[in-house]
Amino acid sequence: MIAFTFERFSRAADAANVAGARPRATFLGGGTTLVDLMKVDVLTPDTVVDVRHLGLSSIEVSDHAIAVGAAVTNSQLAWHPVVRERFPVLSAAILSGASTQIRNMATVAGNILQRTRCPYFRDVHASCNRRLPGSGCDALEGFNRGHAVLGISDQCIATHPSDMCVALAVLDAEVHTQRPDGTTRSIPFGDVHLAPGDTPQVEVALEHGELITHIIIPSLPGAQRSHYLKVRDRASYEFALASAAVVLDLEGENIRAARLGLGGIATTPWRASEAERFLAGRTASDSTFREAAEIALAGAVGRAHNHFKIELAKRTIVRAFAAARDTNV
Amino acid sequence: MRSHECFNRRVPALWTDRCDEVIDVTVTIRVNDTPHELSVDTRVTLLDALRDLLGLTGTKKGCDQGACGACTVIVDGQRVLSCLTLAAACEGQQVVTIEGLAGGGELHPMQAAFLHCDGFQCGYCTPGQILSAICAVREVHAGVPSYATADVRQTVNAATLTDEEIRERMSGNLCRCAAYPNIVAAVRQVLTNEVPS
């Protein structure tokens, strides 16, 4: 770890302004990604700006939405009674990730901005276009069992590791930010994360020093009929091999509208919009869900060790939709 | 080259060979009800500050990368990993370590339950297990769900909590001796005795 200065502010504008002015500054939330990657010299900030004391730690509830401060912890969000009641898929997705200790530390903004768990990204002796642009990608021909099959490029196949983000994607959340120049803006959740393409080092649509202040989750009638299913190598405290966040709006046996997000198999929190359109107006049967799953994975490309994820993801989708259908709401 | 002097004196157990540059901050951290004003390199974790600066070696360093839970402590009432917490970020916070549990010659009920249930073998993960378990019991009494809760809209109940739920709630603490069944038994004992913890 290299030496760095530690800064703590009480106003979001000051934090963004100072970070924006220093090219190697970074924000510190819970530190569960940052401190870990600083120890192995993958991240080498010269300034660490603590953003947990900016007055961004509350959850505000109204009839039409909830506003979640950027420094709210993952546990606080998952355990909040209104989140559990209105958005059970979000609560379950968060609770499926990491451990209680880590969820107690990790912030909502930090979860959104967390880095990939690709082992080549976190090994400074390996080639990784995301960490060092132009150096190559050791995952392409290396051990790629955990890697992505959707949203990939010939530069990078790293999986986005978040569970929470998969739920936020299907809930049409909005991310609000404070920019270093003092202005603010909101970004639809689906526009925050960028597929690697030819610039895998550019992971999110935020400028340097732009600070997430809060997210807005609009109320979604019918979100109670939802489910988050995570499939992984061990029962707990493990990243997804495949996961699905689903919301089903039913009228009898017919689907009025469906939402489908996928985790563990894509380079970004993945929204399967085409499969959602297919499901609208159809019968909520397992065979319909299987057809939707085929559509969702139609563009998937597997490599030497992760090809199994394509079929696994399809089965995960069917099981998640069936569980949502069979939920008593 | 790592300077031996700097390794021992200035920057305990730091993940660096760069000891030439040191940036210190002063923080006041309350540990087991005693305030400590510390001057620490910004890179020092709470784990290393507890062990190497305050001599509280009950908190264990296992993986030092957030994977094992051996370093679990309670900060402001919540269980967290001290290995991924910068000491510099702990200004004004209240930390409870394993050394802060027993009082007046009495073990904490969770410590007693681990002894009674034989919830350990080598003991290295045990301080983290016990602190984590104390918080797990509090969380159950607060009624909050885990991923093993059938429906997150339900309020969980200590009396009906399954072993699967206890395992899920304790999954952030690994035990290489595999004392898991007895750890589950210890947690259940405290849960069902409803001993205040």
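This structure is a prediction, so every number in the text was calculated from the model and none was measured. The written sequence of each chain sets the order in which its residues are numbered from 1. Chains carry letters from A onward and ligands carry numbers from 1 onward, assigned in written order. The model is predicted, so local features are restricted to residues of pLDDT at least 70 and side-chain atom pairs to those at 80 or more, both for listing and for counting; the totals for chains, interfaces and linings are taken over all residues.

J.: Is there a simple way to explain the overall build of chain A in this structure?
T.: The helix and strand labels rest on DSSP assignments: H or I over at least four residues marks a helix, E over at least two residues marks a strand, and numbering proceeds from the N terminus. In terms of regular secondary structure, chain A is built from 11 helices and 12 strands. Using C-alpha atoms as the atom set, the radius of gyration is obtained and then compared with a globule rule of 2.2 Å times the number of residues to the power 0.38. Compactness check: chain A gives a C-alpha radius of gyration of 19 Å against a globular reference of 20 Å for 329 residues, within 12% of the reference. By principal-axis analysis of the C-alpha atoms, chain A measures approximately 60 × 50 × 35 Å. The contacts of chain A with a sequence gap of at least 6 include a subset with a gap of at least 24, amounting to 65%. With C-beta atoms placed from the backbone, a contact is any residue pair whose C-beta atoms sit within 7 Å.

J.: Please explain the nonpolar core as it appears in this structure.
T.: Nonpolar side chains in soluble globular proteins tend to end up buried together. Counting residues in hydrophobic clusters, the biggest one holds 165 residues, and the most contacted among them are A167(A), I317(A) and V187(B). The element best represented in this core is helix α4 (residues 126-141) of chain B, accounting for 8 residues. Ignoring any residue separated from it by four or fewer positions in sequence, one finds I317(A) in contact with A244(A), L260(A), F289(A), A292(A), A293(A) and A296(A). To count as a nonpolar core, a set of buried Ala, Val, Leu, Ile, Met, Phe, Trp, Tyr and Cys residues must be joined through C-beta atoms within 7 Å. Using C-beta atoms placed from the backbone, we call a residue buried if 20 or more other C-beta atoms fall within 10 Å of its own, exposed if 12 or fewer do, and partly exposed for counts in between.

J.: I would appreciate a short explanation of the packing of helix α3 (residues 109-117) of chain B against α4(B) in the present structure.
T.: When two helices pack together, their arrangement is given by the angle between their axes and by how far apart the axes lie. Residues and elements named next belong to chain B. Lines are fitted to the C-alpha atoms to define the axes, a helix being fitted only along its stretch in contact, and any angle between axes, read from their N-to-C directions, falls within 0 to 180 degrees. Between α3 and α4, the shortest axis-to-axis distance is 9 Å and the interhelical angle comes to 125 degrees. As judged from the angle between their axes, α3 and α4 are oblique. Of the two possible hands of crossing, α3 and α4 adopt the one that is right-handed. Residues M110, Q111 and F114 of α3 form the contact with α4, whose participating residues are T126, I130, A133 and I134. Taken together, the residues of the contact of α3 with α4 sort by class into 5 nonpolar, 2 polar and no charged. The scheme is simple: roughly parallel for angles under 35 degrees, roughly antiparallel for over 145, roughly perpendicular for 65 to 115, oblique for anything else. By definition, any crossing whose near helix is turned counterclockwise from its far helix by less than a right angle is left-handed, and any crossing with a clockwise turn is right-handed. Three categories are distinguished: nonpolar for Ala, Val, Leu, Ile, Met, Phe, Trp, Tyr, Cys and Pro, charged for Asp, Glu, Lys and Arg, and polar for the others, with Gly belonging to the last.

J.: Help me out: how do you make sense of the domain arrangement of chain A in this one?
T.: Accessible area lost upon the coming together of the parts is a frequently used measure of interface size. Each assigned domain of chain A is listed here: domain 1 (5-50) and domain 2 (226-325). The gap between the C-alpha centroids of domain 1 of chain A and domain 2 of chain A is 36 Å. The split of the chain into domains comes from an automatic or database domain assignment.

J.: Sorry if this is basic, but what is going on with the interface of chain B and chain A here?
T.: Across the boundary between the two partners, chain B contributes 34 residues, which contact 29 residues of chain A. For the side of chain B that touches chain A, the elements supplying multiple residues, two or more each, are β4 (78-81) and α5 (163-169) of chain B. For the side of chain B that touches chain A, the leading source of residues is β4(B), giving 4 residues. Taken together, the residues of the side of chain B that touches chain A break down into 15 nonpolar, 12 polar and 7 charged.

J.: What is the right way to look at the domain arrangement of chain B in this model?
T.: Residues and elements named next belong to chain B. Split into domains, chain B comes out as domain 1 (4-100) and domain 2 (109-193). Centre-to-centre, using C-alpha coordinates, domain 1 lies 25 Å away from domain 2. Between domain 1 and domain 2, the residue contacts involve 14 residues of the former and 11 residues of the latter. Going through the elements one at a time, β3 (72-75) and β4 are the ones with two or more residues in the side of domain 1 that touches domain 2. A per-class count over the side of domain 1 that touches domain 2 returns 6 nonpolar, 6 polar and 2 charged.

J.: Would you mind showing me how to read the sheet that holds strand β2 (residues 34-41) of chain B here?
T.: Consider a sheet: its strands pair through backbone hydrogen bonds, and that pairing is either parallel or antiparallel. All names here are of chain B. Should DSSP find at least two bridges between two strands, the strands are taken to pair. The sheet built from 5 strands is open, its strands ordered β2-β1-β5-β3-β4 with mixed pairing. This sheet does not close on itself; its edge strands, each paired only once, are β2 and β4. For this sheet the average axis-to-axis angle between neighbouring strands, irrespective of direction, equals 40 degrees. Judged from the 8 bridges that link them, strand β1 (residues 24-31) and β2 form a sheet pairing that is antiparallel. Bridge pairing links V25 to V40 in β2.

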